[in-house]
Amino acid sequence: QVPLVASGGGLAQTGGSPRLSCAASGGISDSISVGWYRQAPGKQRELVAQITNGSTTTYAESVKCRLTISRDNAKNTVYLQMNTLKPEDTAVYYCRVTQIGGRLVNYWGQGTQVTVSS
């Protein structure tokens, strides 16, 4: 298991730039692939950003150019920088570890709520 704690959510204004954090007590390294997901009310959970164990980043089309995923191995943390927030970004945001080295895994954090006021 890789315990994950997501934080940084809250109430934000349209156009705001909050940064979400996903802290892994088991450690974050370049060998770990991590994704940020979100689930809006009444909708399915969707992948919005991912950083692979090769440090390749990918984004959902709906958030491309507005969200940036990054990691700080020294702080055991993966970040999701959110820019130019829109009301439709309102959701619970989750981080998930999907791969450690060559091993596929499925570890989820508890989620952090982001609410964007218009």
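Thresholds applied
Residues numbered from 1 in each chain as written. Predicted model: local features only at pLDDT ≥ 70, side-chain atom pairs only at ≥ 80, totals over all residues. Heavy atoms only, no water. Pairing = 2+ DSSP bridges. Helix = DSSP H or I, 4+ residues; strand = E, 2+ residues; numbered from the N terminus. Axes fitted to C-alpha atoms, helices over the stretch in contact; angles between N-to-C directions. Phe/Tyr/Trp six-rings, centres within 6.5 Å; stacked < 30°, edge-to-face > 60°. Lys NZ or Arg CZ within 6 Å of the ring centre and 35° of its normal. Disulfide = S-S within 2.5 Å. Salt bridge = Lys/Arg side-chain N within 4 Å of Asp/Glu carboxyl O. Buried < 20%, exposed > 50% of the residue type's maximum accessible area, 1.4 Å probe, protein only. Polar contact = N/O pair within 3.5 Å; in protein donor to acceptor, adjacent residues only side chain to side chain. Contact = heavy atoms within 4.5 Å.

1. A short note on the sheet that holds strand S1 (residues 4-7)
Spatial ordering of the open sheet is given by S1-S3-S8-S7, a layout of four strands whose pairing is antiparallel. In this open sheet, the two strands that pair with only one neighbour each are S1 and strand S7 (67-72). On average, each strand axis in the sheet is tilted by 15° relative to the strand beside it, whichever way the strands run. Bridge count between S1 and strand S3 (residues 19-24): four bridges; the pairing is antiparallel. Bridged to Ala6 within S3 is Cys22.

2. Concerning the packing of aromatic side chains
Overall, the coordinates contain two aromatic pairs when judged by the stated rule. With a centroid separation of 4.8 Å and 55° between ring planes, the pair formed by Tyr37 and Trp108 is classed as tilted. One end of the pair, Tyr37, is in strand S4 (residues 32-39); the other, Trp108, is in strand S10 (residues 103-108), and 71 residues separate them in sequence. On the numbers, 6.2 Å between centres and 85° between planes, the contact of Tyr94 with Trp108 is edge-to-face. Residue Tyr94 is found in strand S9 (residues 91-100), and its partner Trp108 is found in strand S10; the two are separated by 14 residues along the sequence. The structure contains a cluster of three or more aromatic residues connected by ring pairs, namely Tyr37, Tyr94 and Trp108. Positioned over the ring face of Tyr79 is Arg19, at 4.0 Å from the centre of the ring. The ring of Tyr94 carries Arg45 above its face, with NZ or CZ at 3.7 Å from the centroid.

3. Focus: the state of the cysteines
The bond known as a disulfide is covalent and runs between the sulfur atoms of two cysteines. Scanning the model with the defined rule gives one disulfide in all. Across the disulfide, Cys22 is cross-linked to Cys95 (sulfur-sulfur distance 2.1 Å). Disulfide Cys22-Cys95: torsion about the S-S bond near 75°, hence right-handed. With Cys22 in strand S3 and Cys95 in strand S9, this residue pair connects regions lying 73 residues apart in the sequence.

4. Focus on the pattern of salt bridges
Counting across every chain of the model gives four salt bridges. Salt-bridge contacts for Glu46 lead to Arg38; the nearest nitrogen and oxygen are separated by 2.8 Å. Overall, Glu46 belongs to the partly exposed group, its relative accessible area being 32%. For Arg38, a relative accessible area of 7% corresponds to the buried category. For the salt bridge of Asp89 with Arg38, the shortest nitrogen-to-oxygen distance reads 2.9 Å. Within this pair, whereas Asp89 is found in the loop between strand S8 (77-82) and S9, its partner Arg38 is found in strand S4, the two being separated by 51 residues in sequence.

5. Some details on the side chain of Thr112
Mapped onto the elements, Thr112 comes out in strand S11 (residues 112-117). Residue class for Thr112 comes out buried when judged on its relative accessible area of 10%. In terms of polar contacts, Thr112 uses its side chain to reach the backbone amide nitrogen of Gly9, at 3.0 Å. Setting aside residues no more than four positions away along its own chain, Thr112 makes contact with Ala6, Ser7, Gly8, Gly9, Leu20, Ala91, Val92 and Tyr93.

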